[in-house]
Amino acid sequence: MIKINNLYKAFGSKIVLDGISTELRNGITHCIIGKSGSGKSVLLKLIVGLLPADRGTIEIDGNEINSLNEKKLYQVRRKIGYVFQGAALFDSMNVYENVVIGEFENGNRDDNYLLDQAQKTLSAVGLLPNYSEKETLHYQKEWNILKNIKPSDLSGGMKKRVGVARALVGQPKYIFYDEPTTGLDPITSEQIDNLIDELEVKMKFTSVIITHDMFSVSKIAEHIVMLDSGKILFDGNREELFKSQIAEVQNFLKRYHTDI
Ligand SMILES: Nc1ncnc2c1ncn2[C@@H]1O[C@H](COP(=O)(O)OP(=O)(O)OP(=O)(O)O)[C@@H](O)[C@H]1O
Ligand SMILES: [Mg+2]
């Protein structure tokens, strides 16, 4: 479980998170919603340790991350996979290099391990045939084509899948998606939602999704946190969200209702 307590973050005089507390329980799908600039990505970056908090605590499986030494912090961070906003693939690298970059940077240079991780995760996200067919000619043929493709030659949906594959390397316990369906057509969006659902069941991890996509929320969210002006405006389940009497919540839902 991830426990966030009284988290505070400002950039200069701009307060982005003003005392955020919530709990992300294991085994369910969490969605973080809120208008553009409300601090969703910043909250995610604090949780995954890409940015330091000014005040407050984040506990991951009972480990308060500020109190950990470097080695322990590294172990805790490895429990989290992170799909960046946009696909954030490196255009100068091919698909294979993009998927294993994290492990490579962590000092893992065993070619067989990296190859296996890339194939396993690219199969899991549906860009390669089933991993159990790994030894077949068909699989190897598909792999030879896919591994050398540059991100600029992939469709939007494929890019997202490569981004998800990258986050899955190392078998994290938690996976965070920053706007996984933004910019995709409705059908591809639905495929990505289904992939998120499917991976959660198959790999038994906990997903945290930042999204504007109310269709995704209505379909996959089990716990929703809505941010507004640095505060948590809503924290509850899907039924409670759609029944909420809070005017700002209703406004937000109305705006995005056309997606449903
Ligand atoms: N590194 C940074 N330095 C200064 N300001 C930042 C930094 N990162 C984020 N901010 C500011 O923090 C606020 C919240 O940004 P954030 O990216 O979390 O918004 P968001 O809710 O994810 O929005 P969107 O839906 O558009 O992605 C914005 O005003 C942004 O300009
Ligand atoms: Mg964002």
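Residues numbered from 1 in each chain as written. Chains lettered and ligands numbered in written order. Predicted model: local features only at pLDDT ≥ 70, side-chain atom pairs only at ≥ 80, totals over all residues. Heavy atoms only, no water.

Looking at this model, I keep getting lost on the side chain of Arg161. Mind explaining?
Tracing the sequence through the fold places Arg161 in helix H6 (residues 156–168). With no salt bridge to any partner, buried Arg161 finds its closest opposite charge in Glu198, at an N-O distance of 6.9 Å. (Helix = DSSP H or I, 4+ residues; strand = E, 2+ residues; numbered from the N terminus. Buried < 20%, exposed > 50% of the residue type's maximum accessible area, 1.4 Å probe, protein only. Lys, Arg positive; Asp, Glu negative; His and termini not counted. Salt bridge = Lys/Arg side-chain N within 4 Å of Asp/Glu carboxyl O.)

Is there a simple way to explain the domain arrangement of the chain in this structure?
Interfaces are often sized by the accessible area lost when the parts come together. Here the chain is described as being made up of domain 1 (2–89 + 173–259) and domain 2 (93–153). Relative placement of domain 1 and domain 2: their C-alpha centres are 28 Å apart. In this complex, domain 1 contributes eight residues to the contact, which on the side of domain 2 involves six residues. With both chains or domains summed, domain 1 and domain 2 bury close to 520 Å², and 58% of this area falls on carbon and sulfur atoms. Area buried by domain 1 at its contact with domain 2 is led by Arg78, Leu89 and Leu195, which between them contribute 62% of it. On inspection of domain 1 and its partner domain 2, the count reaches one salt bridge. Across the pair Arg78 and Glu103 runs a salt bridge whose closest N-O atoms are separated by 3.0 Å. Put simply, domain 1 and domain 2 have one residue pair in polar contact (both at pLDDT 80 or more) between them. In terms of residue count, the dominant contributor to the side of domain 1 that touches domain 2 is helix H7 (residues 186–203) (five residues). A breakdown of the residues in the side of domain 1 that touches domain 2 according to their chemical character gives five nonpolar, no polar and three charged. (Domains from an automatic or database assignment. Contact = heavy atoms within 4.5 Å. Buried area = accessible area lost by both parts, 1.4 Å probe. Polar contact = N/O pair within 3.5 Å; in protein donor to acceptor, adjacent residues only side chain to side chain. Nonpolar A, V, L, I, M, F, W, Y, C, P; charged D, E, K, R; others polar.)

Can you help me understand the sheet that holds strand E4 (residues 55–60) in this one?
Sheet strands associate in pairs through backbone hydrogen bonding, adopting either a parallel or an antiparallel arrangement. On the basis of which strands lie adjacent, the open sheet formed by four strands has the order E2-E1-E4-E5 and antiparallel pairing. Looking at strand neighbours, the two that pair on one side only are strand E2 (14–24) and strand E5 (63–64), the edges of this open sheet. This element, helix H1 (residues 40–48), spans strand E1 (2–11), E2 and E4 of the sheet and lies at about 120° to E1. (Pairing = 2+ DSSP bridges. Axes fitted to C-alpha atoms, helices over the stretch in contact; angles between N-to-C directions.)

I keep staring at the packing of helix H3 (residues 95–105) against H6 and nothing clicks. Help me out?
The relative placement of two packed helices comes down to the angle between their axes together with the axis-to-axis distance. Between H3 and H6, the least distance of the axes is 7 Å, while the angle of their chain directions is 35°. H3 and H6 meet at a crossing whose hand is right-handed. Together, Val95, Asn98, Val99 and Ile101 of H3 and Val162, Ala165 and Arg166 of H6 make up the contact between the two elements. (Left-handed = near helix turned anticlockwise from the far one by under 90°.)

Explanation requested: the nonpolar core in the structure shown.
Proteins that are soluble and globular tend to have nonpolar side chains buried together. Ranked by size, the top nonpolar core spans 46 residues in total, and within it Val99, Leu122, Tyr177 and Leu241 carry the most contacts. No other element matches the five residues that H6 contributes to this core. Each of domain 1 (2–89 + 173–259) and domain 2 (93–153) accounts for three or more of the residues forming this core. Sequence-distant contacts of Tyr177, defined by excluding residues within four places in its chain, comprise Val83, Val164, Ile196, Leu199, Phe205, Ser207, Val208, Ile209 and Ile210. (Core = buried A, V, L, I, M, F, W, Y, C linked by side-chain atoms within 4.5 Å.)

Can you help me understand the layout of surface pockets in this one?
Picture a little ball the size of a water molecule; that probe, rolled over the atoms, points out where space is still empty. Taken as a whole, the largest pocket encloses approximately 820 Å³ of empty space. What lines the largest pocket is a set of 27 residues, among which Arg77, Ile80, Tyr82, Gly102 and Asn106 lie closest to the centre. At the level of secondary structure, the elements contributing two or more residues to the lining of the largest pocket comprise helix H2 (70–77), strand E6 (80–83), H3 and H6. Counting residues per element, the lining of the largest pocket draws most heavily on H3, which supplies six residues. Taken domain by domain, the lining of the largest pocket gets at least three of its residues from each of domain 1 (2–89 + 173–259) and domain 2 (93–153). (1 Å grid on protein atoms, 1.4 Å probe; cavity = no way out; pocket = protein on both sides within 12 Å on 5 of 7 lines; lining within 4 Å. Points joined across faces, edges and corners; volume = space filled by probe spheres on them.)

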